[in-house]
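Descriptive analysis of the structure
If you want the building blocks of each chain, they are given just below.
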Amino acid sequence: MALQSPFFNNNNKRDDTSPRTGLNPNAAAAAGAQQPAPVAPAQPAASPVKEGESKLTVGPNIKLKGVEITDCDTLVVEGSVEATMDSRVIQISERGAFKGSAEIDVAEIRGLFEGNLTVRQKLVIYSTGKVTGKVRYGKVVIEEGGQLSGEIEAGTGAKPAQAAPVRPPLQQVQ
């Protein structure tokens, strides 16, 4: 017989009325009598995550090291990440740090980025942000106080091939 966990019920709500292992059985009743905790306002983002999109948040004091991040629409870095990734959006908070290599559509940097960064569309470095390394971008916005250093290149597309000099066609000698 399989037991269903309250964490995997269909309505995506946690059932606070049933006691859980390791908790005081009276805690559920006490929890029901308490006022709900205030909800913190959401952090503004350039492109809010839509339903069905994937979002990975590395919280404060979390260190994620030696990984390859794929199929992630939005990466929010509040802790420390050492990785390679290809994504749509990266948001690094003031206390966040990313070290490694990233190919991104939109990057919002409030903390530290160190490594190879290719931003296909728009790179935004806020006043508390610092980006160092090899950086390529489509468009860039840097607030006063923001830092950008290293090997910097505008444009993310393939470098145009230089045209070979045009020569007249050779004529066959008889």
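Residues numbered from 1 in each chain as written. Predicted model: local features only at pLDDT ≥ 70, side-chain atom pairs only at ≥ 80, totals over all residues. Heavy atoms only, no water.

Let us now look at the nonpolar core. In terms of nonpolar packing, the biggest core is built from 23 residues, with L75, M85, I90, F98, F113, L117 and L123 touching the most fellow members. In contact with L123, other than residues within four places in its own chain, are A107, I109, L117, V135, Y137, K139, V140 and V141. (Core = buried A, V, L, I, M, F, W, Y, C linked by side-chain atoms within 4.5 Å. Buried < 20%, exposed > 50% of the residue type's maximum accessible area, 1.4 Å probe, protein only. Contact = heavy atoms within 4.5 Å.)

Here S87 shows up in strand β3 (residues 80–92). What makes S87 buried here is its relative accessible area of 4%. Setting aside anything within four residues of it in sequence, one finds S87 in contact with C72, D73, T74, E103, I104, D105 and R120. (Helix = DSSP H or I, 4+ residues; strand = E, 2+ residues; numbered from the N terminus.)

Strands sit in the order β1-β2-β3-β4-β5-β6-β7 across an open sheet of seven strands; the sheet is parallel. In the strand order of this sheet, the two ends are held by β1 (55–58) and β7 (147–154), each with one partner. Here the average twist between neighbouring strands, direction ignored, is 20°. (Pairing = 2+ DSSP bridges. Axes fitted to C-alpha atoms, helices over the stretch in contact; angles between N-to-C directions.)

As a further point, take the pattern of salt bridges. Opposite charge on two side chains allows them to pair when their charged atoms are near. One pass over the structure, following the stated rule, counts six salt bridges. Residue E53 is joined to R88 by a salt bridge in which the shortest nitrogen-to-oxygen separation is 3.5 Å. Separated by 35 residues along the polypeptide, E53 in the loop between α1 (27–33) and β1 and R88 in strand β3 bring together distant segments of the chain. A single network of salt bridges, built from pairs that share partners, joins D86, E103, D105 and R120. (Salt bridge = Lys/Arg side-chain N within 4 Å of Asp/Glu carboxyl O.)

Let's shift gears to the confidence of the model for the protein chain. Residues of the protein chain with pLDDT of at least 70 account for 60%, and the chain-wide mean is 77. Least confident of the elements in the protein chain is α1, whose mean pLDDT is 45; most confident is strand β5 (residues 112–125), at 97. The low-confidence segment residues 5–47 (pLDDT under 50) makes 17 contacts with residues lying over four places distant or belonging to another chain. (pLDDT = per-residue confidence, 0-100.)

Another aspect to go through is the packing of aromatic side chains. With the rule as written, the count across this model stands at one aromatic pair. Both rings, one in F98 and one in F113, keep their centres 5.2 Å apart while their planes meet at 5°; by these two values the pair is stacked. One end of the pair, F98, is in strand β4 (residues 97–109); the other, F113, is in strand β5, and 15 residues separate them in sequence. The same class applies to F98 and to F113, which are both buried. Stacked on the ring of Y126, the Lys or Arg R110 has its end atom at 4.0 Å from the ring centre. (Phe/Tyr/Trp six-rings, centres within 6.5 Å; stacked < 30°, edge-to-face > 60°. Lys NZ or Arg CZ within 6 Å of the ring centre and 35° of its normal.)

Time to look at the environment of C72. By secondary structure assignment, the location of C72 is in strand β2 (residues 63–77). Taking C-alpha positions, C72 is 6.9 Å from L56, a pair spaced 16 residues apart along the chain. Those residues in contact with C72, other than ones at most four positions away along the chain, are S54, L56, D86, S87 and R88.

So, on to the pairing of β3. Inspection of the sheet shows β2 paired to β3 by eleven bridges, in the parallel sense. Bridge assignment links E68 to a residue of β3, and that residue is T84. Pairing between β3 and β4: eleven bridges, direction parallel. From the neighbouring strand, A83 faces β4, where its bridge partner is G100.

The phi dihedral of N61 falls on the positive side, at around 65°, and the residue is not glycine. Checked against the element boundaries, N61 lands in the loop between β1 and β2. Judged by its relative accessible area of 79%, N61 falls in the exposed class. The phi torsion at D71 lies on the positive side, around 55°, for a residue other than glycine. With respect to the helices and strands, the residue D71 is situated in strand β2.

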